[in-house]
Amino acid sequence: MTQRALDSSGETPGPSRPAMIDAGAELDPVHPMEPPPPPHRPGGLTTAEVAERVARGEVNDVPVRSSRSLTEIVRANVLTRFNLIIGVLWVIMLFVAPIQDSLFGFVIVANTGIGIIQEWRAKKTLDSLAVIGEAKPTVRRDGVAAEISTHEIVLGDVIELGPGDKVVVDGVVAEADSLEVDESLLTGEADPVLKRPGDPVMSGSFVVAGGGAFTATKVGREAYAAQLAEEASRFTLVHSELRSGISTILKYVTWMMVPTAIGLIISQLVVKDNNFKDSVARTVGGIVPMIPEGLVLLTSVAFAIGVVRLGRKQCLVQELPAIEGLARVDVVCLDKTGTLTEGGMDVTEVRPLNGSDEAYVQEVLRTFGTSDPRPNASLQAIIDAYPADGDGKAAWTVTDAMPFSSARKYSGAAFAEADGTASAWLLGAPDVLLPEGDATLAEIEQLNQQGLRVLLLARVRGDDLDAPGAAAGAAPTALVVLEQRLRPDAGDTLAYFADQNVATKVISGDNAVSVGAVAGKLGLAGAENTLDARRLPTDPDEMATAMEQNAVFGRVTPQQKRDMVAALQSRGHTVAMTGDGVNDVLALKDADIGVSMGSGSEATRAVAQIVLLNNSFATLPSVVAEGRRVIGNITRVATLFLTKTVYSVLLAILVVCTQVEYPFLPRHLTLLSTLTIGVPAFFLALAPNKERAQPHFVRRVMRYAIPSGVIAATATFTTYLVARHHYSGEGALAAETSAATLTLFLVSMWVLAIIARPYTWWRIGLVAAMGLGFLIVLVVPWLQDFFALKLVGGVMPWTAVAIAVAAAALLEFVWRWVGRRFGM
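Structure report, in brief.

What counts and what doesn't
- Residues numbered from 1 in each chain as written.
- Predicted model: local features only at pLDDT ≥ 70, side-chain atom pairs only at ≥ 80, totals over all residues.
- Heavy atoms only, no water.
- Helix = DSSP H or I, 4+ residues; strand = E, 2+ residues; numbered from the N terminus.
- Buried < 20%, exposed > 50% of the residue type's maximum accessible area, 1.4 Å probe, protein only.
- Contact = heavy atoms within 4.5 Å.
- Areas by Shrake-Rupley, 256 points an atom, 1.4 Å probe, with all protein chains shown as cover.
- Patch = residues over 30% accessible without salt bridge, like charges linked within 9 Å, V, L, I, M, F, W, Y side chains within 5 Å.
- Salt bridge = Lys/Arg side-chain N within 4 Å of Asp/Glu carboxyl O.
- Core = buried A, V, L, I, M, F, W, Y, C linked by side-chain atoms within 4.5 Å.
- Pairing = 2+ DSSP bridges.
- Axes fitted to C-alpha atoms, helices over the stretch in contact; angles between N-to-C directions.
- Phe/Tyr/Trp six-rings, centres within 6.5 Å; stacked < 30°, edge-to-face > 60°.

**Thoughts on the overall build of the protein**
Phase 1 of the analysis: Scanning the protein from N- to C-terminus turns up 27 helices and 22 strands.
Phase 2 of the analysis: Taking all 824 residues of the protein together, the buried fraction comes to 56%.
Phase 3 of the analysis: Long-range contacts, defined as pairs at least 24 residues apart, comprise 74% of the intrachain contacts of the protein with a sequence gap of at least 6.
Phase 4 of the analysis: With the model as given, the accessible surface of the protein reaches about 33400 Å², and the carbon-plus-sulfur share is 59%.

**Section: a nonpolar patch on the surface**
Phase 1 of the analysis: Side chains of Leu70, Val74, Val78, Leu79 and Trp120 sit close together on the surface and give an oily, nonpolar patch of about 420 Å² of accessible area.
Phase 2 of the analysis: Considering every element that reaches the nonpolar patch, the biggest residue donor is helix α2 (residues 70-78), with three residues.
Phase 3 of the analysis: Relative to the elements of secondary structure, Val78 occurs in helix α2.
Phase 4 of the analysis: You can call Val78 partly exposed: its relative accessible area is 35%.

**Quick notes on the nonpolar core**
Phase 1 of the analysis: Ranked by internal contacts, the top residues of the largest apolar core, which has 90 residues, are Ile634, Val637, Leu640, Phe697 and Phe774.
Phase 2 of the analysis: Apart from residues no more than four positions distant in its own chain, Ile634 is found in contact with Leu242, Ile246, Leu298, Thr299, Ala302, Arg629 and Phe697.
Phase 3 of the analysis: Counting 37 residues, the second-largest nonpolar core is a separate cluster that includes Ala122, Val307, Phe497 and Val623.

**Quick notes on the pairing of strand β3 (residues 144-147)**
Phase 1 of the analysis: The pairing of strand β2 (residues 138-141) with β3 spans four bridges and is classified as antiparallel. Residue pairing across strands places Arg141 opposite Val144, the latter belonging to β3.
Phase 2 of the analysis: In this structure, the hairpin formed by β2 and β3 is closed by a connection of two residues, where Asp142 is found at a positive phi of approximately 55°.

**Topic: the pattern of salt bridges**
Phase 1 of the analysis: Across all of its chains, the model carries 25 salt bridges by this definition.
Phase 2 of the analysis: When the shortest N-O distance is used, the salt bridge between Arg351 and Glu443 registers 2.8 Å. With Arg351 in strand β11 (residues 341-352) and Glu443 in helix α14 (residues 439-449), the pair connects residues that are 92 residues apart, well separated along the chain.
Phase 3 of the analysis: Given the relative accessible area of 25%, Arg351 is considered partly exposed.
Phase 4 of the analysis: Judged by relative accessible area, which is 28%, Glu443 ranks as partly exposed.
Phase 5 of the analysis: One salt bridge in this structure joins Arg571 and Glu548, with 2.8 Å as the shortest N-O distance. A residue pair is termed long-range when its members are at least 10 positions apart, and Arg571 in the loop between α18 (558-570) and β20 (575-579) and Glu548 in helix α17 (residues 540-549) qualify at 23 residues.

**Some remarks on unusual backbone geometry**
Phase 1 of the analysis: The peptide bond linking Arg757 to Pro758 adopts the cis configuration, its omega dihedral lying at -5°.
Phase 2 of the analysis: Along the polypeptide, Pro758 turns up in the loop between α24 (732-755) and α25 (761-779).
Phase 3 of the analysis: For Gln659, which is not glycine, the phi torsion reads 55° and is therefore positive.
Phase 4 of the analysis: Within the secondary structure, Gln659 is located in the loop between α21 (620-658) and α22 (666-686).

**Overview of the sheet that holds strand β19 (residues 552-554)**
Phase 1 of the analysis: Taken together, eight strands build an open sheet; the order of strands is β9-β22-β21-β20-β10-β17-β19-β18 and the sheet is mixed. Edge strands, defined here as strands with exactly one partner in the open sheet, are β9 (315-317) and β18 (530-532). Looking at each pair of strands side by side, their axes are set apart by 20° on average, direction ignored.
Phase 2 of the analysis: As paired elements, β9 and strand β22 (residues 610-612) share three bridges and run antiparallel to each other. By the bridge assignment for β22, Leu316 is matched with Val611.
Phase 3 of the analysis: Sheet contacts for helix α10 (residues 321-328): β9, β20, β21 (593-597) and β22; angle to β21, the most-contacted strand, approximately 105°.
Phase 4 of the analysis: Contacts between α17 and the sheet are confined to β17 (503-507), β18 and β19, with β17 contributing the most and set at about 110° to the helix.

**Points about the packing of aromatic side chains**
Phase 1 of the analysis: The tally for this structure, following the rule as stated, stands at 12 aromatic pairs.
Phase 2 of the analysis: Taking the centre distance of 5.7 Å and the plane angle of 50° together, the rings of Tyr252 and Trp255 count as tilted. Pair noted here: Tyr252 and Trp255 are both in helix α7 (residues 241-271), with a separation of three residues, about one helical turn.
Phase 3 of the analysis: A relative accessible area of 40% means that Tyr252 is categorised as partly exposed.
Phase 4 of the analysis: Owing to a relative accessible area of 55%, Trp255 belongs among the exposed residues under this scheme.
Phase 5 of the analysis: Judged by centre distance (4.4 Å) and plane angle (35°), the ring pair of Tyr704 and Trp815 falls under tilted. Here the residue Tyr704 occupies a position in helix α23 (residues 697-726), and Trp815 occupies one in helix α27 (residues 795-822), the gap between them amounting to 111 residues.
Phase 6 of the analysis: Residue Tyr704 is classed as buried on the basis of its relative accessible area, which comes to 7%.
Phase 7 of the analysis: A connected cluster of aromatic rings, assembled from ring pairs, spans Tyr360, Phe368, Trp396, Phe415 and Trp425.

All quantities given are derived from atomic positions and should not be read as evidence of function.
As structure tokens, this is what we get:
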């Protein structure tokens, strides 16, 4: 916990000018506050008062969770539609058939347990990372300012604000020093709102410039954005093509399964005059494989394991589909500062202009460094180069201050010099403060081409920083040259995205030429194509064209960043935005995937789906790799599961139409599902996969699953009908079932062999192990009896193999044709 002592008056040290709130002042009628707030106490509450409020329950007790609770995890994994169906069928089978026909129920129990354990592991990872990345507002208590957790805030606390800070509870401004608050996340209004003492502030807004403090008037669930903040911070499963695609598939499966199952029940229990228990067992055997019960499980497990893997790399995934979403991204927009460069900078040179005295310029910069209690990276570099005295004071006195704003591109300060002379200064972007065509700009251009950042120190006529035209009339005094520290791993990350055909756009508030030089040093393709955003067209379509044709953009305002993301999205691009500053918040919120650095502002971390707690841009390829693993592997295993669903439904339809006994008992399909789908799918779902993510998940899966299921069902039923003519007498049905099982297993194995491509040693071993498992069942006597599988004679088994070989050849042809026709 960091602490900052207050001075004897109870106010924070520095140039800010806190103002007291009139307890009887009327508040903005648009944001009424009931009851009226207590008078502002600069030193904050006492420890005793905090304890009293906690005892009364006046505490910010909104739970901020990054994941579902254990109860919700258990409920979500256990109480599913398909678990209910299978559970009922399992209970029935326990009463009417041997235990081996009830194995499918034990498999579901095991699957559900695996799902709960894996999601619980992911929850613990998310929760621990969320604590690391949690915003800790600075609260004054007993005359001391200290960082505390948001849930420790009580009613009446005095909470300090600075650039990038998120307003965590509702309150009333008590102190304001050029305090500008962005409420766009609540109101949609993009322009920052200047706040004065007595003005309300709402939870969910954030500070873009200036500083101050506010008194908490509503905490916990009474706060305006409490529910929104809770929902935004928790584990969600929205906007996922995989999730929505699987839901669509399950809906179709339900529609197919219900009428087919009813027809099968009538066929086996009413039409056929067989043993009742055997009919029930075969009916259940036909219904159970229609349900792709493991598909949802494996999707959840794949996401959960992805979270755990990324958690080990200090990557907080605040919304799980972000793993999938980043893998689908085709444009990455990067903010230079904090992403391509490290946060710190170094002053390499100060060049006086127009005959200015260098010692005088240095004193101006030294005093300027004391004007902002929360300096940005540029001002911090100046503070480091020209530090104040040991007590933190300069020889001159700051009489007024205007904090840096991303929209203005400069900051300001007014001084009372040692001899009593008053002066006012601006420090910021030279191409904003200087008129176009100024001779100094040519000198600055040369520095920018070297990748250096240049600030202009200019003197304002008079001492009014807010006067209209103050910037236009400022007299250039000196150039401050800053060198930016490149991230050592940024070049490799840019090369990775280029190799993956992901376009990279560098969007920065700095000079375009300087940004382009930095990007060029890192090897960004197209870094020479720079564009000053002040010349960017406002028409969305023209802006989209400019975005596609250029790679580096400078002098971009926060609103322009948002518009640029929207322009790219209008052309069908999936856009990721990375950043760490408050000027990136709007763009991060609107991008398909928002990525924030862990050291970024509270507001930035709050709206991002992914937070890189280690502040390393190089972690992004790991997120992309996890997303591709999830998407590619779930597409593979979904094809396996739906092939089973298709052939199960078609077999049931064929049985109903021909009025024959259903060929399989539950034990047979449990064995086949385990060897050709269950075990292989688990390994395939978690395997490395670098295939580029493709859209249209449902369409891609069904293109392969439907023909594969039709071929498998047709081949199996053909073998079954041939076997019915071949065998007769007692035990004929068991022999017919064994022959049909052999064909179905071989065809399913070929589907598995196709899906396992491209082959590696472990994939070949996996397929071979499943085949060996089935062979062991066929040759070990007690396993033959347990699974009721015994091949009779020599003609029919070889006939079953021949039919399976023909089906495999047809499968190969169809898969290759689909791949050529529609693309893999």
